[in-house]
Amino acid sequence: MSAPRFTVVIPAFNTEATIGAAIRSVLAQSVSDFELIIVDDGSTDATAERAAAHSDPRLRLLRQENAGPAVARNAAIEAGSAPLVSFLDSDDLWLPCYLETMAAALERDPAAGLVYTDAWVLDEATRRIRRRTAMAPRGAEARAPRDPEAFLALLVRRNFISSAATVRRTVLDEVGLFDPATVPAEDYGLWLRIAAAGHVCVRVAGNLVVYRDRPGSISADDLAVRTAASRALGAIAENPAVHAPIRAQAAARIAAIEASLAAEPPDSVARRTRALLRRRLPWPLLWRIRPPELVARAFPDLDAL
């Protein structure tokens, strides 16, 4: 078997119901030159067994005591050898053209260190695709600036890059891996450091990922996400290599996050209201009657995934 071009990284913790579908979406890619490394992060359910049930020689299963998604992702990166590293969560799905499209984008742009795309959102409660994409609420930029400094300034204001991105291994060797102290915003922290190091970040058009929105996921904890984002921004605010205006912008956003956290303690009415809204109230206008054609073709059994 030829050397892989991609190391596909899937961290998994207690996702026995979804890990199989995530793996199948990787194995169904239109290109085959990848290694798939799954790290079972101390699951107490059948996650590891479901992953091990796939006999494809490109798949490797690593197991560790529970240490969080950042440590799990780092373990997979270190175990891999391919020049490109692609990330997928164990409850999400790739469309079959994901890897092929990422590779083409990097070939077209040798200066690009990170490529990313938007995602469709599969609502766990309704089993339908939402009308708004995953990054739309975050103000995703269709044409983000090519200049790394301008890109970093925009990224400091809001994270518009989903976790399903692809990065050159040389970039990871330079800037370091995921920071466990920034979970559940560890991906945001890495994207910030990549842009701060001067690497071009490119958005690929379209939506090549299906993101599963489920209440129990760690990213659904708004308090934890905002707290972790503040920590991630600290690496920019305190980095002397970053120009002073952007450091000041990062510090201002940290202050704003901290003020919002102080104004809304965990038991506040506002937080309880947001939690209630996340219980998937029956607003049918939020969801598509039928999934987009590419999604339906790739996952004809979407209701059962």
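Every value quoted in this text rests on a predicted model; they were computed, and no experiment measured them. (Residues numbered from 1 in each chain as written. Predicted model: local features only at pLDDT ≥ 70, side-chain atom pairs only at ≥ 80, totals over all residues. Heavy atoms only, no water.)

Participant: Please clarify how the nonpolar core should be interpreted in this entry.
Facilitator: A general feature of soluble globular proteins is that nonpolar side chains tend to end up buried together. If you look at the biggest cluster of nonpolar residues, it comprises 44 residues, and the most contacted ones within it are L114, I161, W191, L192 and I194. The residues contacting L114, other than those within four sequence positions of it, are I161, A165, T166, V167, W191, I194, V200, C201 and V202. Counting 32 residues, the second largest nonpolar core, distinct from the first, contains I19, A51, W94 and V209. (Core = buried A, V, L, I, M, F, W, Y, C linked by side-chain atoms within 4.5 Å. Buried < 20%, exposed > 50% of the residue type's maximum accessible area, 1.4 Å probe, protein only. Contact = heavy atoms within 4.5 Å.)

Participant: Sorry if this is basic, but what is going on with the side chain of S43 here?
Facilitator: Tracing the chain through its elements places S43 in the loop between β2 (34-41) and α2 (47-52). A distance of 2.5 Å separates the side chain of S43 from the side chain of D40, its partner in a polar contact. Each residue touching S43, except ones within four places of it in the same chain, is listed here: A12, F13 and N14. (Helix = DSSP H or I, 4+ residues; strand = E, 2+ residues; numbered from the N terminus. Polar contact = N/O pair within 3.5 Å; in protein donor to acceptor, adjacent residues only side chain to side chain.)

Participant: How do you make sense of the packing of helix α5 (residues 148-157) against helix α9 (residues 244-263) when you look at a structure like this?
Facilitator: For any two helices packed against each other, the geometry comes down to the angle between their axes and how far apart the axes lie. α9 packs onto α5 with a crossing angle of 10° between their chain directions and a minimal axis gap of 9 Å. When the axes of α5 and α9 are compared, the pair comes out roughly parallel. Across the interface between the two elements, E149, L152, A153, V156 and R157 of α5 pack against I246, Q249, A250 and R253 of α9. Looking at the contact of α5 with α9, its residues break down into 5 nonpolar, 1 polar and 3 charged. (Axes fitted to C-alpha atoms, helices over the stretch in contact; angles between N-to-C directions. Parallel < 35°, antiparallel > 145°, perpendicular 65-115°, else oblique. Nonpolar A, V, L, I, M, F, W, Y, C, P; charged D, E, K, R; others polar.)

Participant: Help me out: how do you make sense of the sheet that holds strand β5 (residues 93-94) in this one?
Facilitator: Across a sheet, strands are paired by hydrogen bonds formed along the backbone, either parallel or antiparallel in direction. Taken in spatial order, the 8 strands make up an open sheet running β3-β2-β1-β4-β7-β6-β8-β5, and their pairing is mixed. In the strand order of this sheet, the two ends are held by β3 (59-64) and β5, each with one partner. Note that strand β6 (residues 112-123) and strand β8 (residues 200-213) share 10 bridges and pair parallel. For W120, the partnering residue across the bridge sits in β8 and is V210. (Pairing = 2+ DSSP bridges.)

Participant: Before we go on, may I ask you to explain the pattern of salt bridges in this structure?
Facilitator: Should the charged atoms of two oppositely charged side chains come close, the side chains can pair. Evaluated as defined, the whole model comprises 13 salt bridges. A salt bridge links D109 to R146; the shortest N-O distance between them is 2.4 Å. In this pair, D109 sits in the loop between α4 (98-108) and β6 while R146 sits in the loop between β6 and α5, placing the two residues 37 residues apart along the sequence. By relative accessible area, D109 is classed as buried at 12%. Residue R130 pairs with D213 through a salt bridge whose shortest N-O separation is 3.1 Å. Of the two residues, R130 sits in the loop between β6 and α5 while D213 sits in strand β8, which places them 83 residues apart along the sequence. Among the residues examined, R130 registers a relative accessible area of 23% and is labelled partly exposed. Residue class for D213 comes out buried when judged on its relative accessible area of 14%. Connected through salt bridges with shared partners, the residues R73, D89 and E186 form a single ionic network. (Salt bridge = Lys/Arg side-chain N within 4 Å of Asp/Glu carboxyl O.)

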